[in-house]
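Chain by chain, the residues run as shown.
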Amino acid sequence: MQQRGSMDYPNTIPTSPSPIPQRQSRPEAQQVPALTGYILVVDDDPEMCELAFAALSKQGHNVRCVQSALEALELLRQEDFDVLLADVHMEGIDGLELCQRALEQRPDLVVVVMTGFGTLDHAVRAMRAGAHDFLTKPMSLDSLKNTLDRALHHHALNGELKRLRPSSDVRELGGMVGESEALKRMQDLILRVAATDTSVLICGESGTGKELVAHALHERSGRTGPFLAVNCAALPENLLEAELFGHTKGAFTDARNARGGLFVEADGGTVFLDEVGEMSLGMQAKLLRALQERKVRPIGSSQEVPFDARLIAATNRDLERLVQEKTFREDLYYRLNVVKIDVPALRERANDVLLLAQFFLQRAAARSGKAVNRVGHLVAERLVSYSWPGNVRQLENCMERAVALARFDEITLDDLPAKLRTQRLTETFVAATSPADFPPMHVVEERYANKVLNAVNGNKTQAAKILGFDRRTLYRKLKSYAQENRAENSQSV
């Protein structure tokens, strides 16, 4: 008989032999901690079963142990396990055949095989049989824990993807997709303020969906007039004034006909001012007067025209800071900011990433007529671990690109942009458990520097002070980060 390896579990071997644990029912009602699951251990060595049971139970897992592949297959027919941990070298049906037969019964099962003969050949054969991971005896408690953490994460991710696939219409309010608490809080605020005539200021980073929020407010307002929008950053002051307040015929070059302007045209409806923080001080004064008087004076006219339109404004800038810097009027800020709605960044809505990805995939596939209907689990891992600096808009573009490039009915890693394909799965070092997941120091430093810059709205002097650099050092480091990212992207395209 071949000599078996042994587990290295300090203080986990029972002082006296204990019987193989008897069958337990899965605790459905009990709330289990994160990264715990229902694990079936299969090894024809009773001592190994005892060691595995003691170690895994101590980590909070619910564990069943059996000593043959046939017993394991019978249990798999009866109960819903998350992970199968099987020895390769067993009498009768070995671990590799067990892996194949178990996955035929339970395609969602995650299989980890272990052996005392850690050769590349065994690893390759295990992966071909469908195993998720491979462990070599003797194994440490940390290595077993990290492997099972990855396996359970993989199982949970597959379950989430399976849950999302049948969904064809996940929109709940104004086209906003998601189930995260951050999104639900925002939607609750929208519903509470929508039916009033109160001015609303929508704040959030670029790409978060501020216009969707404005549309949702209008749709639930009960107003029968139109929703009219203008981007304040896209027009110079004179054209913006004409767009908002209207003009008479001949008031300026190309004014061939008179026009009422958005405030008058939106009678009974809503005017949405996007990027209101880019408005000039002179235009701010005119807007403030119009809001106070509820009247506008078209360019070239001496008469004021009353209007009945609700105002919703949006910005990706910190208006309070602009007020302090005297580039935004304080009185206008308070006039706009009666109710403030903060739109969460996608990194604050981690639970929504896969839901949004599936929604955008379905929409892009329908538009292009391609039979792409799901996201692969390796792609899903990249999607949920990425920080999405461009927010929902970036994710939407990513999925449209992936559908356009897809050669199969499933999105694969090759369909993703190079930046997502090559990223490490752990976005921040404190979340890593395996040495392979720890990012290098320059990556951690770059992420932290970018977080600080985002927090201070790009103010490099303030960011340098927080980071403990002088301004010149910060500029040098930012340039270095950009060069490294360009080099990485050029190598991975």
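Caption draft 1: Local environment of the overall build of the chain. Secondary structure summary: the chain contains 19 helices and 16 strands in total. In the chain, buried positions account for 45% of the 493 residues. When contacts within the chain are restricted to residue pairs at least 6 apart in sequence, long-range pairs at least 24 apart make up 70% of them. Put simply, the chain shows about 24900 Å² of open surface, and 49% of that area lies on carbon and sulfur atoms.

Caption draft 2: Region of the structure containing the packing of helix α13 (residues 353–368) against helix α14 (residues 377–385). The N-to-C vectors of α13 and α14 enclose an angle of 120°; their axes lie 9 Å apart at closest approach. In terms of orientation, α13 lies oblique with respect to α14. Every pair of crossing elements has a handedness; the one defined by α13 and α14 is right-handed. Listed contacts from α14 to Val-353, Leu-354 and Ala-357 of α13 are Ala-380, Leu-383 and Val-384.

Caption draft 3: Inspection of the packing of aromatic side chains at higher detail. With the rule as written, the count across this model stands at seven aromatic pairs. For the pair Phe-263 and Phe-307, a centre-to-centre distance of 4.8 Å together with 45° between the ring planes defines the contact as tilted. Separated by 44 residues along the polypeptide, Phe-263 in helix α9 (residues 262–265) and Phe-307 in the loop between β12 (305–306) and β13 (310–315) bring together distant segments of the chain. The residues Phe-263 and Phe-307 share a single accessibility class, namely buried. Of the aromatic side chains, those joined through ring pairs into one cluster are Phe-245, Phe-263 and Phe-307.

Caption draft 4: Region of the structure containing the sheet that holds β13. Spatially, the five strands line up as an open sheet ordered β9-β10-β13-β8-β14, and their pairing is parallel. Here the strands that pair on one side only, and so sit at the sheet edges, are β9 (227–231) and β14 (339–342). With strand direction ignored, the average angle separating the axes of adjacent strands in the sheet is 20°. As paired elements, β9 and strand β10 (residues 270–274) share five bridges and run parallel to each other. Residue pairing in the sheet places Leu-228 in a bridge with Val-271 of β10. Strands in contact with helix α7 (residues 210–219) are β8 (200–203), β9, β10, β13 and β14; relative to β8, the strand with the most contacts, it is inclined by about 150°.

Caption draft 5: Broad picture of the pattern of salt bridges. Under the defined criterion, the tally for this structure stands at 23 salt bridges. Note that Glu-396 and Arg-363 form a salt bridge whose closest N and O atoms lie 2.5 Å from each other. Taken together, the residues span a long stretch of sequence, with Glu-396 in helix α15 (residues 391–405) and Arg-363 in helix α13 at a distance of 33 residues.

Caption draft 6: Examining the confidence of the model for the chain more closely. Predicted confidence across the chain gives a mean pLDDT of 79, with 79% of residues reaching 70 or more. Low pLDDT (under 50) marks residues 1–34, which in the prediction has 54 contacts with non-local residues, meaning those over four places away or in another chain. Low pLDDT, under 50, characterises residues 165–171; the stretch is placed with 14 contacts to residues that sit more than four places away or in other chains.

Caption draft 7: Main features of the side chain of Ser-221. For Ser-221, the location among the structural elements is in the loop between α7 and β9. A polar side-chain atom of Ser-221 sits 3.1 Å from the main-chain amide nitrogen of Arg-223. Discounting chain neighbours no more than four positions away, the residues touching Ser-221 are Ala-194, Ala-195 and Arg-310.

Caption draft 8: View of the sheet that holds strand β2 (residues 62–66). Spatially, five strands are ordered β2-β1-β3-β4-β5 in an open sheet, and the strand pairing comes out parallel. Two strands bound the open sheet, and with one partner strand each, they are β2 and β5 (133–136). Taking each pair of neighbouring strands and ignoring which way they run, the sheet shows an average axis angle of 20°. Pairing geometry for strand β3 (residues 83–87) and strand β4 (residues 110–115), over five bridges, is parallel. Residue pairing in the sheet places Ala-86 in a bridge with Val-113 of β4. Seen against the sheet, helix α1 (residues 46–58) touches β1 (38–42), β2 and β3 and runs at an angle of roughly 175° to β2. Across the sheet, helix α3 (residues 95–105) lies against β1, β3 and β4, angled at about 160° from β3, the strand it touches most.

Quick notes on the rules
Going along each chain's sequence as written, the residues are numbered from 1 onward. Only residues with pLDDT of 70 or above have their local features reported here, since the model is predicted, and side-chain atom pairs are shown and tallied only from 80 upward, although totals for entire chains, interfaces and linings are computed over all residues. Calculation of side-chain values draws on the structure's entire complement of heavy atoms; hydrogens and water are dropped beforehand. Runs of E in the DSSP output that reach at least two residues are strands. Runs of H or I that reach at least four are helices, and both are numbered from the N terminus. In this scheme, a residue with accessible area under 20% of its type's maximum is buried, one over 50% is exposed, and one in between is partly exposed, where area comes from a 1.4 Å probe on protein chains only. Two residues form a contact once any of their heavy atoms are found within 4.5 Å. Calculation of accessible area relied on Shrake-Rupley with a 1.4 Å probe; when residues are assessed, cover is drawn exclusively from the protein chains displayed. Note on geometry: axes are lines fitted to C-alpha atoms, helical ones only across the stretch in contact, with angles between N-to-C directions running from 0 to 180 degrees. Any angle that falls under 35 degrees is termed roughly parallel, while one over 145 is termed roughly antiparallel, one within 65 to 115 roughly perpendicular, and all others oblique. Each crossing gets its handedness from the near helix: less than a right angle anticlockwise from the far helix is left-handed, clockwise is right-handed. Any pair of Phe, Tyr and Trp rings, taking the six-membered ring for Trp, is counted once the centres come within 6.5 Å. Such a pair is stacked with planes under 30 degrees apart, edge-to-face with planes over 60 apart, and tilted for the rest. Any two strands between which DSSP finds at least two bridges are classified as paired. We define a salt bridge as a side-chain nitrogen of Lys or Arg found within 4 Å of a carboxyl oxygen belonging to Asp or Glu. Each residue carries a pLDDT score, the predictor's confidence in it, ranging from 0 to 100. Any pair of nitrogen or oxygen atoms within 3.5 Å is treated as a polar contact; in protein, a donor-acceptor pairing is required on top of that, and neighbouring residues in sequence qualify only through side-chain atoms on both sides.

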